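Residues per chain, in single letters:
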Amino acid sequence: MRRQALHQWLTPYYPMPFEAIRPASSDASFRRYFRVMTPEGSRILMDAPPDKEDCHSFVRVSRLFAEAGVHVPRILAWEEKLGFMMLEDFGETSYLSALQTGEGRGRGADTLYGNALGALVQIQRASRDGVLPLYDRTLLQREIDLFPEWYVQKHLGIVWTTQERATFGAVVQGLLEAIDGQARVWVHRDYHTRNLMVASPDPGVLDFQDAVQGPVTYDAVSLLKDAYIDWEETRVLDWLVRYWEQARAAGIPVGEDFGAFYQDFEWMGVQRHLKVLGIFARLAQRDGKTGYLADMPRVEKYLMMACRRYKALQPLVPILERLWQIPSRTGYTF
């Protein structure tokens, strides 16, 4: 039992009862997190089975982000062979939990998102070529492929026609071609409200071990088209403009035309939404983690809105309408 092994590893540092190690959180991977109170304060224990998870990437990206001035948890101890790590504890208030309160849904949201986008600029400004793995077209395609396999076939139980498969493939190639044209920066890859903690300095950034070098709009999409909370489009636009202005001032290659940047943001979102729906379906169908299903309608809404808005993406609309059994309608075309 890995929890027993974790307790044995911890004992030389802090002898304490087994029951003192209590679950803190889990995620969609094989990692698990526990919280323990020590004489120096609360600590997070990470259990990352070495045959399933690579702690080296966590350590490497932690150092890179810390050097960029981003608040990531300090690594206090690491047992490499066992896959155990002791980390600084940012507390129990994620951005998501703060934003779901009455205060967080009000003007406090502007402060939180301002802080999060400011930290994102710090990450992107520190970008250097050849340091992180490349988020290339092959990987982006592999993520999109999760949608027809896990979401359409295994979750919805729908078999596409030959024409639907061809249409989907053609639109995806155009989508990837457009994404290829975006400048590349360091990408957290899951920069959303569950992985940002209310902290001092704010935010505390978690779950960064899968960072890559990829499209400049990717993390902004993760944050502002979050699978776990949504906002009025006017508010998202306001936050995105503020980020774009700050990024331009920092020398990040977001372009001089906000309209072009916004289309890049929307098209990047389509790739991520297809990926997320595939991942949520796989978590439910393969791993029995059904809690993510409640967030699928939000992601489906994002996907349909973008596909209806842009002419090149509109061939996906009737395919999505059949998946979701909704009547056809017309939309704006840009």
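Residues numbered from 1 in each chain as written. Predicted model: local features only at pLDDT ≥ 70, side-chain atom pairs only at ≥ 80, totals over all residues. Heavy atoms only, no water.

Draft legend 1. Here's a closer look at helix 10 (residues 258–285). The terminal C-alpha atoms of helix 10, which comprises 28 residues, lie 40 Å apart, in line with the 40 Å expected from a rise of 1.5 Å per residue. The buried fraction of helix 10 amounts to 21 of the 28 residues, a majority that puts the element mostly inside the structure. A distance of 2.9 Å separates the backbone nitrogen of glycine 259 from a side-chain oxygen at the start of helix 10, and that oxygen is part of aspartate 257. (Helix = DSSP H or I, 4+ residues; strand = E, 2+ residues; numbered from the N terminus. Expected span 1.5 Å × (residues − 1). Buried < 20%, exposed > 50% of the residue type's maximum accessible area, 1.4 Å probe, protein only. Polar contact = N/O pair within 3.5 Å; in protein donor to acceptor, adjacent residues only side chain to side chain.)

Draft legend 2. View of the pairing of strand 3 (residues 41–47). Counted residue by residue, strand 3 has seven buried out of seven residues, so it is predominantly covered. Here seven bridges tie strand 2 (residues 32–38) to strand 3, and the two strands are oriented antiparallel to one another. Each bridged residue has a counterpart across the sheet, and for threonine 38 the counterpart in strand 3 is glycine 41. Between the end of strand 2 and the start of strand 3, which pair antiparallel, lie two residues. (Pairing = 2+ DSSP bridges.)

Draft legend 3. How the structure looks around the packing of aromatic side chains. Considering all chains together, one arrives at 20 aromatic pairs under this definition. Taking the centre distance of 6.0 Å and the plane angle of 55° together, the rings of phenylalanine 65 and phenylalanine 208 count as tilted. Highlighted residues: phenylalanine 65 in helix 2 (residues 55–67) and phenylalanine 208 in the loop between strand 8 (204–205) and strand 9 (212–215), separated in sequence by 143 residues. An identical accessibility class is assigned to phenylalanine 65 and phenylalanine 208; each is buried. With a centroid separation of 5.7 Å and an interplanar angle of 85°, the aromatic rings of tyrosine 113 and tryptophan 231 are classed as edge-to-face. Of the two residues, tyrosine 113 is situated in helix 4 (residues 108–125) and tryptophan 231 in the loop between helix 8 (218–224) and helix 9 (233–249); the sequence distance between them amounts to 118 residues. A residue is classified by how much of its surface remains accessible, and tryptophan 231, at 11% relative accessible area, is buried. Through successive ring pairs, a cluster of aromatic residues spans Tyr243, Trp244, Phe258, Phe261, Tyr262 and Phe265. (Phe/Tyr/Trp six-rings, centres within 6.5 Å; stacked < 30°, edge-to-face > 60°.)

Draft legend 4. The arrangement of the pattern of salt bridges in detail. This structure, assessed with the given rule, holds 28 salt bridges. Between arginine 22 and glutamate 92 there is a salt bridge, with the nearest N and O atoms lying 4.0 Å from each other. Here the residue arginine 22 occupies a position in strand 1 (residues 22–26), and glutamate 92 occupies one in the loop between strand 5 (84–88) and helix 3 (95–99), the gap between them amounting to 70 residues. Using a relative accessible area of 58% as the deciding quantity, one classes glutamate 92 as exposed. (Salt bridge = Lys/Arg side-chain N within 4 Å of Asp/Glu carboxyl O.)

Draft legend 5. Focus on the environment of valine 70. Tracing the backbone shows valine 70 in the loop between helix 2 and strand 4 (75–79). Distance from valine 70 to valine 121, taken between C-alpha atoms, is 9.8 Å for residues 51 residues apart in sequence. When residues no more than four places from it in sequence are discounted, the contact partners of valine 70 are Phe65, Ala119, Gln122, Ile123 and Val205. (Contact = heavy atoms within 4.5 Å.)

Draft legend 6. Expanded view of the layout of surface pockets. Counted as a void, the second largest pocket has a volume near 170 Å³. Residue lining of the second largest pocket: 14 residues in total, with Lys225, Trp231, Glu233, Tyr302 and Met305 positioned closest to the centre. Contributions of two or more residues to the lining of the second largest pocket are made by helix 9, helix 10 and helix 11 (296–309). Looking at the lining of the second largest pocket, the element that brings in the most residues is helix 11, giving five residues. Considering only residue class, the lining of the second largest pocket consists of seven nonpolar, no polar and seven charged. (1 Å grid on protein atoms, 1.4 Å probe; cavity = no way out; pocket = protein on both sides within 12 Å on 5 of 7 lines; lining within 4 Å. Points joined across faces, edges and corners; volume = space filled by probe spheres on them. Nonpolar A, V, L, I, M, F, W, Y, C, P; charged D, E, K, R; others polar.)

Draft legend 7. Spatial organisation of the environment of alanine 126. Note that alanine 126 resides in the loop between helix 4 and helix 5 (137–144). C-alpha separation for the pair alanine 126 and serine 42, spaced 84 residues apart in sequence, amounts to 31 Å. Other than its neighbours up to four places away in sequence, alanine 126 contacts Ala68 and Trp186.

These figures capture arrangement, not role.
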